[in-house]
Amino acid sequence: MNKVILMGRLTRDPEVRYSQGAEPLAIARYTLAVDRRGRRDATGGDQTADFIQCVSFGRTAEFAEKYFKQGTKIAITGRIQTGSYTNKDGNKVYTTEVVVEEQEFAESKAAAGNGGGYQAADRPAPESASAEGFMSIPENMENDLPFK
């Protein structure tokens, strides 16, 4: 079984490219800084972290492009993929990355400092909730939802 679960912060905005062809496929690459639990650096200071290369495809990549920014704390599940190539100097380079299957935010918008995405002021007031307890979605936000 090849299953990975990680939680960390993006070291920079995702890099997204689209494949060539009749139906271009989004490919997002980003690095997660994942704290090593209970470990301190050699000076006894801050926790150390691992920097994990991640790649996602299709709608998962499009979601990352639209909503993920540097510093965003996310949780992902996926699988480890290894590979190799020969660089321009003729040396063989080995790669390891996580192919993302699922991804989600790992902290609230308020905890993240309210950076990126829509702002709390864009949300409808609670008194606009229907009798069933659901709020109506403002017309200007309907196209920004990550689901339909």
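Above this note sits the structure.
These numbers were taken from a predicted model, which means no experiment stands behind them.

### Some words on the nonpolar core
- Counting residues in hydrophobic clusters, the biggest one holds 19 residues, and the most contacted among them are Leu6, Tyr30, Leu32, Cys54, Phe68, Ile74 and Ile76.
- Those elements giving two or more residues to this core turn out to be β1 (4–10), β3 (26–40), α1 (58–67), β5 (73–86) and β6 (92–105).
- Broken down by element, the residue count for this core peaks at five residues, all from β3.
- When sequence neighbours within four positions are dropped, the list of residues in contact with leucine 6 reads Leu32, Val34, Ile52, Ile74, Ala75, Ile76 and Val98.

### Concerning the pattern of salt bridges
- Taken as a whole, this structure holds four salt bridges when the rule is applied.
- Note that aspartate 50 and arginine 36 form a salt bridge whose closest N and O atoms lie 2.5 Å from each other. A residue pair is termed long-range when its members are at least 10 positions apart, and aspartate 50 in strand β4 (residues 47–57) and arginine 36 in strand β3 qualify at 14 residues.
- When its relative accessible area of 28% is taken as the criterion, aspartate 50 is described as partly exposed.
- A residue is classified by how much of its surface remains accessible, and arginine 36, at 34% relative accessible area, is partly exposed.

### Some words on the pairing of β6
- Of the pairings in the sheet, the one linking β5 to β6 comprises 13 bridges and is antiparallel in character. Among the inter-strand pairings, glutamine 81 is bridged to a residue of β6, identified as glutamate 97.
- From the end of β5 to the start of β6, which pair antiparallel, there are five residues, and glycine 90 there has a positive phi angle of about 85°.

### Concerning the environment of valine 34
- Along the polypeptide, valine 34 turns up in strand β3.
- Valine 34 gets classed as buried once you look at its relative accessible area, which sits at 13%.
- For the pair valine 34 and phenylalanine 51, spaced 17 residues apart in sequence, the C-alpha to C-alpha distance is 6.3 Å.
- Residues within four places of valine 34 in sequence aside, it is in contact with Leu6, Met7, Gly8, Thr48, Ala49, Asp50 and Ile52.

About the thresholds
- Residues numbered from 1 in each chain as written.
- Predicted model: local features only at pLDDT ≥ 70, side-chain atom pairs only at ≥ 80, totals over all residues.
- Heavy atoms only, no water.
- Core = buried A, V, L, I, M, F, W, Y, C linked by side-chain atoms within 4.5 Å.
- Buried < 20%, exposed > 50% of the residue type's maximum accessible area, 1.4 Å probe, protein only.
- Helix = DSSP H or I, 4+ residues; strand = E, 2+ residues; numbered from the N terminus.
- Contact = heavy atoms within 4.5 Å.
- Salt bridge = Lys/Arg side-chain N within 4 Å of Asp/Glu carboxyl O.
- Pairing = 2+ DSSP bridges.

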